[in-house]
Amino acid sequence: MRTYPSVMQEGSTATAIGGDPEYTYELSVVMPCLNEADTLETCIRKAQTAIAEFGLSAEVIVADNGSTDGSLEIAERLGARVVHVEAKGYGSALMGGIAAARGRYVLMGDADDSYDFLEIPKFVTKIREGYDLVQGCRLPSGGGTVMPGAMPPLHRWWGNPMFSAMVRSWFRAPIHDVYCGMRVFTKSLYNRLDQRCTGMEFATEMIIKASLYQERIAEIPITLHPDGRKSHPPHLRTFRDGWRTLRFFLMYSPRSLFLVPGLLLILLGLVGYSLAMPGVTIAGATLDAHTLVYASLALLCGHQSVVFAIFTKVFAVSEGLMPPDPRMERFFKIVPLERGLIGGAVALVFGLCLLLFAVNYWRLQGFGRLDYAYTMRWVLPGATLTALGFQTILSSFFVSILGMRRRL
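Rules behind the numbers
Residues numbered from 1 in each chain as written. Predicted model: local features only at pLDDT ≥ 70, side-chain atom pairs only at ≥ 80, totals over all residues. Heavy atoms only, no water. Helix = DSSP H or I, 4+ residues; strand = E, 2+ residues; numbered from the N terminus. Rg over C-alpha atoms; globule rule 2.2 N^0.38 Å. Contact = heavy atoms within 4.5 Å. Lys, Arg positive; Asp, Glu negative; His and termini not counted. Charge placed at Lys NZ, Arg CZ, Asp CG, Glu CD. Pairing = 2+ DSSP bridges. Axes fitted to C-alpha atoms, helices over the stretch in contact; angles between N-to-C directions. Buried < 20%, exposed > 50% of the residue type's maximum accessible area, 1.4 Å probe, protein only. Arc of directions from axis to C-beta. Patch = residues over 30% accessible without salt bridge, like charges linked within 9 Å, V, L, I, M, F, W, Y side chains within 5 Å. Areas by Shrake-Rupley, 256 points an atom, 1.4 Å probe, with all protein chains shown as cover. Salt bridge = Lys/Arg side-chain N within 4 Å of Asp/Glu carboxyl O. Expected span 1.5 Å × (residues − 1). Bend = angle between axes of the 7 residues up to and from the residue. Core = buried A, V, L, I, M, F, W, Y, C linked by side-chain atoms within 4.5 Å. 1 Å grid on protein atoms, 1.4 Å probe; cavity = no way out; pocket = protein on both sides within 12 Å on 5 of 7 lines; lining within 4 Å. Points joined across faces, edges and corners; volume = space filled by probe spheres on them. Nonpolar A, V, L, I, M, F, W, Y, C, P; charged D, E, K, R; others polar.

Draft legend 1. A look at the overall build of the chain. Secondary structure assignment for the chain yields 13 helices and 11 strands. Computed over C-alpha atoms, the radius of gyration of the chain comes to 29 Å, more than 25% over the 22 Å expected from 2.2 N^0.38 for 408 residues, which places it beyond the range of a compact globule. When its C-alpha atoms are laid out on the principal axes, the chain stretches across 100 × 50 × 40 Å. The contacts of the chain with a sequence gap of at least 6 include a subset with a gap of at least 24, amounting to 75%. Of the side chains in the chain, 39 bear a positive and 35 a negative charge, and the two mean positions are spaced by 8 Å.

Written out as structure tokens, the structure is:
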């Protein structure tokens, strides 16, 4: 039978790693904890065994998120360092634990005994090769193993593969298991990423931001075991957390969320105008004033969507949520504030001229009834251009404000 040695106590005399006073240990193992008394001892002892057998200078941190089932007493009895995190949430617990970590590398893993902490040496060996992040992979597509009953079928065959494929396609992340919560990363990487998510999105945020910033990422296969907790069900909620993941992906992909739909709507509106202005007949249907109404709606919505894509990108870059984008920098060199204002003003003036022409035509008809099929060909383009010009002027000012660097 295995014996499980304890790790260094908080008050032990550890020396700096590699002469760097910033790090006391080579590795910090961080376990988020919320009433994990069923499995916490097993996880801590496995981590301690791996640390001792591999000869690591390491510490085990239990980031407690308000446990009331005796988890704290278990962690303290086994020599783990307990960090109390008041802010609720999976991400909050990890943030608190990682902030307190004194290791050059940080390995995070859930305390439900689904991850085998005896696999710690595999992660440390890989990250020593110079990677910034080493992600575990439980799915067979990445060489991993899912034990019977360890993952719900919906997660295994649909949710996880789908989101993993999305993160590979949208963000070029070289991973096959985006949801895997067991990973090791450098403390310096974590500080650079400046993570914001306090819930289950914490793990996916790390993958996305590390990919966007082109950090060095590797993946190693691991085995997922059935959840060992008996006193309460898993904290994960399938549809709630799945939606939150999708929402987060979209927030980090303004091109897919705003830009592409906006450009498609603008294209649809232009096609509608090109057919309706001359009154083209297709399959017996004459495209006339009513088609112009729909085309104008498409143009307005498409323009607004494109503008939101620009807003989102500028804000994300200025706040450090995303890295600078050379395409955006080229765009603003071509279209600075002044050109945006000029373009908006030209559209506004031209639109007003069309509206005034329509009003004058009405005057010439004695302010009586009009041939709407004729006048709407002036009113609708005029109203649309006026609205687009006005929006462009305001948007140009607003995007310039968003792009201002804040001074501390």
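Draft legend 2. Representation of the sheet that holds strand S8 (residues 217-221) within the structure. Spatially, S3-S2-S1-S4-S7-S5-S8 is the arrangement adopted by the 7 strands of the open sheet, whose pairing is mixed. At either end of the open sheet lies a strand with only one pairing partner, and these are strand S3 (81-84) and S8. Within this sheet the neighbouring strands show an average axis-to-axis angle of 25 degrees, counted without direction.

Draft legend 3. How the structure looks around helix H4 (residues 120-127). Buried within H4 we find Ile120, Pro121, Phe123, Val124 and Ile127. All buried residues of H4 lie within an arc of 160 degrees about the axis, which places them on one face of the element. Lining the buried residues of H4 we find strand S1 (25-33), helix H1 (40-54), strand S4 (103-108), strand S5 (133-137), strand S7 (183-186) and S8.

Draft legend 4. Molecular detail of a nonpolar patch on the surface. A contiguous nonpolar patch, built from Phe331, Ile334 and Val335 and spanning about 240 Å² of accessible area, is present on the exposed surface. Note that Ile334 resides in helix H11 (residues 326-334). Taking the relative accessible area as the measure of exposure, Ile334 reaches 53% and is therefore exposed.

Draft legend 5. Looking closely at helix H5 (residues 153-171). In this model H5 runs 26 Å from its N-terminal to its C-terminal C-alpha over 19 residues, within 8% of the 27 Å that 1.5 Å per residue would give. Gly159 marks the point of greatest bend in H5, at about 35 degrees, and the proline Pro161 comes within the next four residues. The complete set of buried residues in H5 reads His155, Gly159, Asn160, Phe163, Ser164, Met166, Val167 and Phe171. Just downstream of H5 lies Arg172, where phi reads positive at about 60 degrees.

Draft legend 6. Spatial organisation of the pattern of salt bridges. In the structure shown here, the tally under the stated rule is 18 salt bridges. The shortest N-O distance in the salt bridge between Glu26 and Arg128 comes to 2.8 Å. Note that Glu26 is positioned in strand S1 and Arg128 in the loop between H4 and S5, a separation of 102 residues in sequence. For Arg128, a relative accessible area of 43% puts it in the partly exposed group. Three or more residues joined by partner-sharing salt bridges are found here, namely Asp132, Arg192, Glu215 and Arg216.

Draft legend 7. Here's a closer look at a negative patch on the surface. A contiguous patch of negative charge on the surface is contributed by Asp38, Asp69, Glu73 and Glu76. Assignment of secondary structure puts Asp69 in the loop between strand S2 (58-64) and helix H2 (71-77).

Draft legend 8. Structural view of the nonpolar core. One finds Leu27, Val29, Met31 and Ile120 to be the most contacted residues of the largest nonpolar core, which totals 42 residues. Those residues in contact with Val29, other than ones at most four positions away along the chain, are Ala47, Ile51, Glu59, Val60, Ile61, Leu107, Phe117 and Ile120. Listed in part, the 37 residues of the second largest apolar core include Val30, Met166, Ile175 and Tyr190.

Draft legend 9. Molecular detail of the layout of surface pockets. Approximately 750 Å³ is the volume found for the second largest pocket. Together, 27 residues line the second largest pocket, and Arg255, Lys313, Met322, Asp325 and Arg327 are the ones closest to its centre. Among the secondary structure elements, those contributing two or more residues to the lining of the second largest pocket are H5, helix H7 (201-212), helix H9 (254-276), helix H10 (289-318) and H11. Partitioned by chemical class, the residues of the lining of the second largest pocket number 18 nonpolar, 3 polar and 6 charged.

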